[in-house]
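One-letter residues, chain by chain:
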Amino acid sequence: MPRGGTRGAARDIPSATVGRLITYLRVLNGLVARGVARVSSDLLAEEAQVSAFQVRKDLAYFGTFGTRGTGYTVSSLRTELKRILGLTRPWRVAIVGMGRLGQALADYPGLSEYDFELVAAFDVDERKVGARYGSVTVSHMSELDVAVADMAIEMVLLTVPVEAAQAAADAVVRAGVRGILNFAPTVVSVPEGVKVEPVDFLAALKRVSYFLHERALPVREAS
Ligand code: NAD
């Protein structure tokens, strides 16, 4: 446990910090795989591509980790980050919308390696119901309510067409799910207490486009 750490503080931490904690955890997993027992904030920072100051500041939200001069014990910092991020047990996940993207995600074997257990899949298309992808068989959306309760589904990957996204998200929330990863390129509204995280690789490509475009522009002379 961190010294002087409080669980309550975690609620107010900036989302950028949460994003970096996820990166630190990935780095620590790599260090464990390489048999590294201790890590300095300098090395952690270098591998996470941030400053050592940033690493210390991010971890300070949760109390005092490590020892000045000798750094952090890799396994205990990793355990602590997993606890902070709620990754001490697998989360039960379902996919809603079993088209091209839904099927690809269901076939991806990596999900379970990252503490997420794919337990169900849903679609409105009768022709898809009963089909098997990866570890799941597609059920009809009309079975969502019962399935969420019976299978303790906690998160949904929402991979429906944009025009169906809000209605599908409403159904997911009504069924009792509190976490949605929304792949549809639209904002969906949800009540308080439900977390929607958008995922948009095209938006990321546009950021790359902007970067390349910016670099290609001739540098203007100062007048
Ligand atoms: P798709 O048309 O192949 O599949 C959509 C599936 O959703 C279909 O099987 C359809 O029957 C089902 N569906 C429709 N309404 C539904 C509802 N109310 N409840 C449950 N299922 C329903 O589409 P796709 O190519 O798999 O793309 C899915 C979504 O993901 C789209 O919104 C697309 O724009 C988006 N997308 C996002 C990214 C990203 O990076 N975020 C990348 C690719 C696609």
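Conventions used here
Residues numbered from 1 in each chain as written. Predicted model: local features only at pLDDT ≥ 70, side-chain atom pairs only at ≥ 80, totals over all residues. Heavy atoms only, no water. Helix = DSSP H or I, 4+ residues; strand = E, 2+ residues; numbered from the N terminus. Buried < 20%, exposed > 50% of the residue type's maximum accessible area, 1.4 Å probe, protein only. Contact = heavy atoms within 4.5 Å. Areas by Shrake-Rupley, 256 points an atom, 1.4 Å probe, with all protein chains shown as cover. Core = buried A, V, L, I, M, F, W, Y, C linked by side-chain atoms within 4.5 Å. Near = heavy atom within 4 Å. Polar contact = N/O pair within 3.5 Å; in protein donor to acceptor, adjacent residues only side chain to side chain. Nonpolar A, V, L, I, M, F, W, Y, C, P; charged D, E, K, R; others polar. Pairing = 2+ DSSP bridges. Axes fitted to C-alpha atoms, helices over the stretch in contact; angles between N-to-C directions. Arc of directions from axis to C-beta.

A. Representation of the overall build of the chain. Secondary structure summary: the chain contains nine helices and nine strands in total. Relative to its 223 residues, the chain shows a buried fraction of 35%. Sequence separation of 24 or more characterises 60% of the internal contacts of the chain that already satisfy a separation of 6 or more. For the chain, the computed accessible surface area is about 13800 Å², with 56% contributed by carbon and sulfur atoms.

B. Structural view of unusual backbone geometry. Located in the positive-phi region is Gln49, a residue other than glycine, with phi close to 60°. By the secondary structure assignment, Gln49 is in the loop between helix H2 (41-48) and helix H3 (52-60). Unusually for a residue other than glycine, Ala152 sits at a positive phi of about 50°. Of note, Ala152 is situated in the loop between helix H7 (144-151) and strand S7 (155-158).

C. Examining the environment of Val172 more closely. Along the chain, the position of Val172 falls in helix H8 (residues 165-174). With 17 residues separating them in the primary sequence, Val172 and Met155 have C-alpha atoms 9.1 Å apart. With near-sequence residues (within four places) excluded, Val172 lies in contact with Val96, Leu144, Val156, Val177 and Ile180.

D. Geometry of the nonpolar core. Grouped together as the largest cluster of nonpolar side chains are 25 residues, with contacts concentrated most on Val96, Phe122, Leu144, Ile153, Val156, Leu158 and Val172. Every element with two or more residues in this core is listed here: strand S3 (91-96), strand S4 (116-123), H7, S7 and H8. A total of six residues in this core trace back to one element, the largest contributor, which is H8. In this structure, Val27, Leu44, Ala52 and Val55 belong to the second largest nonpolar core, which totals 21 residues.

E. View of the site of the ligand. Around the ligand, the surrounding shell holds 22 residues, and the nearest of these are Leu101, Asp123, Lys128, Val160 and Val199. Contact distances for the ligand include 3.1 Å between a nitrogen atom and a backbone N or O atom of Phe183. For the ligand, a nitrogen atom lies 2.5 Å from a polar atom in the backbone of Val199. For the ligand, whose accessible area on its own is 860 Å², the fraction buried by protein is 78%. Its residues assigned to classes, the shell around the ligand shows 14 nonpolar, three polar and five charged.

F. Here's a closer look at the sheet that holds strand S5 (residues 132-133). In space, the seven strands of this open sheet follow the order S5-S6-S4-S3-S7-S8-S9, with mixed pairing throughout. Pairing within the sheet leaves two strands with one partner each, and these edge strands are S5 and strand S9 (195-198). Two elements, S7 and strand S8 (residues 179-182), share four bridges in a ladder whose sense is parallel. The residue of S8 that forms the bridge with Leu158 is Asn182. Here H7 sits on the sheet in contact with S3, S4 and strand S6 (136-140), set at roughly 165° to S4. Here H8 sits on the sheet in contact with S3, S7 and S8, set at roughly 170° to S7.

G. Region of interest: H2. Every buried residue belonging to H2 is among Ser41, Leu44, Ala45 and Ala48, and all of these are buried. Axial view of H2: buried residues confined to an arc of 100°, hence all on one face. Residues of H2 that are exposed and point over 90 degrees away from its buried face: Asp42 and Glu46. Looking at the buried positions of H2, the neighbouring elements they touch are helix H1 (15-33), strand S1 (38-39), H3, strand S2 (72-73) and helix H4 (74-84). In the stretch just after H2, Gln49 is the one whose phi turns positive, near 60°.

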